[in-house]
Amino acid sequence: SANAEKQAIFEVDTVKGTSIEVFNIAGKSLGTIIIGKNTPDNNGNFIRMVGSNDVYNVAGNIGYSFFTDINRWRDKVMMTFDKALATSLTLINKDGKTISMTKADSGNVWNIVAPEKATAKNDQVDGILSGLSRFLAVDFQDTAVADSVSGFAKPELVVTVGFKTGSKKITFGAKRADGKNYAMVDGREQIYLVNDYDVTGFKKELKDLKDTVPAAPATTAKPEKGKK
């Protein structure tokens, strides 16, 4: 269309459209486009260059890539690491009970070292490390909240992953009414919001992590042939 009166129909006007201005490396504006609504087949968008009445159908649904929701631009990665490089794992629950585990020098074998010494279930340890190796927040808590409200004064769970070169620590606070928990990562001031079911997945008790190998069944010696 080249009819200016139809710009509102295609949502490429300044009221409903999303304006995208592009600059070169010197800071000079290269022009502004307005992205309008989806095309009827949902496979494209209507767009218009500012200063022109021509409206085009552009394939690829570029409207999804240019959005004004600021949270979608923010980095939600709270923690990332190579789980193969982890050498220790510590869990501290709300009651202050601590479970500490270390990885053996060779092989993928984990051992509980506190509160007692035992072999750990590797699948349980691997599940925790896999979940934390690229852990994403679902939202951000940008307004200040007291530690008594966030739960950081007495966290639901504190997890520390150790490496040869240092460690990473994440603290999970109280659960909110919307099913999200407050969370913080050491070294950052930002308070994040995470799904409660993720926190629940990291909450492990000693019985969950301790690998109990059943004792071999007792055998009765058979008498030699010809003897009673």
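It should be noted that the structure appears before, not after, this text.
Along every chain, residues carry numbers that run from 1 in the direction the sequence is written. Only residues with pLDDT of at least 70 are given local features in this predicted model, and only at 80 or more are side-chain atom pairs given and counted; all residues enter the totals for whole chains, interfaces and linings. Side-chain calculation: all heavy atoms of the structure are included, whereas hydrogens and water are not.

Asker: Teacher, can you tell me more about the nonpolar core here?
Answerer: Grouped burial of nonpolar side chains is what soluble globular proteins tend to show. Only buried Ala, Val, Leu, Ile, Met, Phe, Trp, Tyr and Cys residues count toward a nonpolar core, and they belong to the same one when joined by side-chain atoms within 4.5 Å. Each residue is assigned to one of three classes by its accessible area relative to the maximum for its type, calculated with a 1.4 Å probe on protein chains only: buried under 20%, partly exposed between the two thresholds, exposed over 50%. With 31 residues, the main nonpolar core has L89, M101, L132 and F172 as its most contacted residues. Not counting the four nearest positions on each side in its chain, L89 is found in contact with I99, S100, M101, W110, V125, I128, L129, V159, T160 and V161. Listed in part, the 5 residues of the second largest apolar core include F10, V12, I34 and F46. By definition in these notes, contact holds between two residues if any of their heavy atoms fall within 4.5 Å.

Asker: Which parts of the structure should I look at to understand helix 2 (residues 122-133)?
Answerer: A turn of α-helix holds 3.6 residues, and therefore any two residues three or four places apart point the same way. Compared with the 16 Å implied by 1.5 Å per residue over 12 residues, the 16 Å span of helix 2 between its first and last C-alpha is a close match. Put simply, DSSP H or I for four residues or longer makes a helix, DSSP E for two residues or longer makes a strand, and each gets a number counted from the N terminus. Inspection of helix 2 places V125, I128, L129, L132 and S133 among the buried residues, and these make up the whole buried set. The buried residues of helix 2 occupy an angular sector of 130 degrees when projected down its axis, which confines them to one face. One less than the number of residues in a helix, times 1.5 Å, gives the span that helix is expected to have. It is the directions from the helix axis to the C-beta atoms whose arc is reported.

Asker: Looking at this model, I keep getting lost on the pairing of strand 13 (residues 166-175). Mind explaining?
Answerer: Walk down a regular strand and you will see the side chains alternate between the two sheet faces. Any two strands with at least two DSSP bridges between them are considered paired. Here 7 bridges tie strand 12 (residues 157-163) to strand 13, and the two strands are oriented antiparallel to one another. Note on strand 13: the bridge partner recorded for V159 is I170. A loop of 2 residues connects strand 12 with strand 13, the two strands running antiparallel in sequence. Judged from the 4 bridges that link them, strand 13 and strand 14 (residues 180-185) form a sheet pairing that is antiparallel. Note on strand 14: the bridge partner recorded for T171 is M184. In this structure, the hairpin formed by strand 13 and strand 14 is closed by a connection of 4 residues, where G179 is found at a positive phi of approximately 85 degrees.

Asker: Where do I start with the environment of K6 in this structure?
Answerer: Note on placement: K6 falls in the segment before strand 1 (18-23). Among the residues examined, K6 registers a relative accessible area of 38% and is labelled partly exposed. In sequence terms K6 and N53 are 47 residues apart; their C-alpha atoms lie 9.3 Å from each other.

Asker: Sorry, what's going on with the sheet that holds strand 3 (residues 44-49) here?
Answerer: Within a beta sheet, neighbouring strands are joined by backbone hydrogen bonds and run either parallel or antiparallel to one another. Strand order across the open sheet formed by 4 strands is 1-2-3-4, with antiparallel pairing between neighbours. Edge positions in the sheet fall to strand 1 and strand 4 (55-59), since each of these pairs with one other strand and no more. Each adjacent strand pair in this sheet contributes to an overall mean axis angle of 35 degrees, direction not counted. Relative to strand 3, strand 2 (residues 29-38) is paired through 4 bridges, and the arrangement is antiparallel. Bridge assignment links I35 to a residue of strand 3, and that residue is I47. The axes are straight lines fitted to the C-alpha atoms, using for helices just the contacting stretch, and the angles between their N-to-C directions are given from 0 to 180°.

Asker: What is the right way to read the sheet that holds strand 6 (residues 88-93) from this model?
Answerer: One open sheet accounts for 9 strands, arranged 9-8-7-6-12-13-14-15-11; its pairing is antiparallel. The open sheet has two edge strands, strand 9 (118-119) and strand 11 (139-141), and neither has a second partner. Sheet topology note: the strand 11/strand 15 (residues 191-195) ladder contains 3 bridges and is antiparallel. Within strand 15, the residue paired with D139 across the bridge is L193.

So far we have only geometry, and geometry alone does not tell us how the molecule works.
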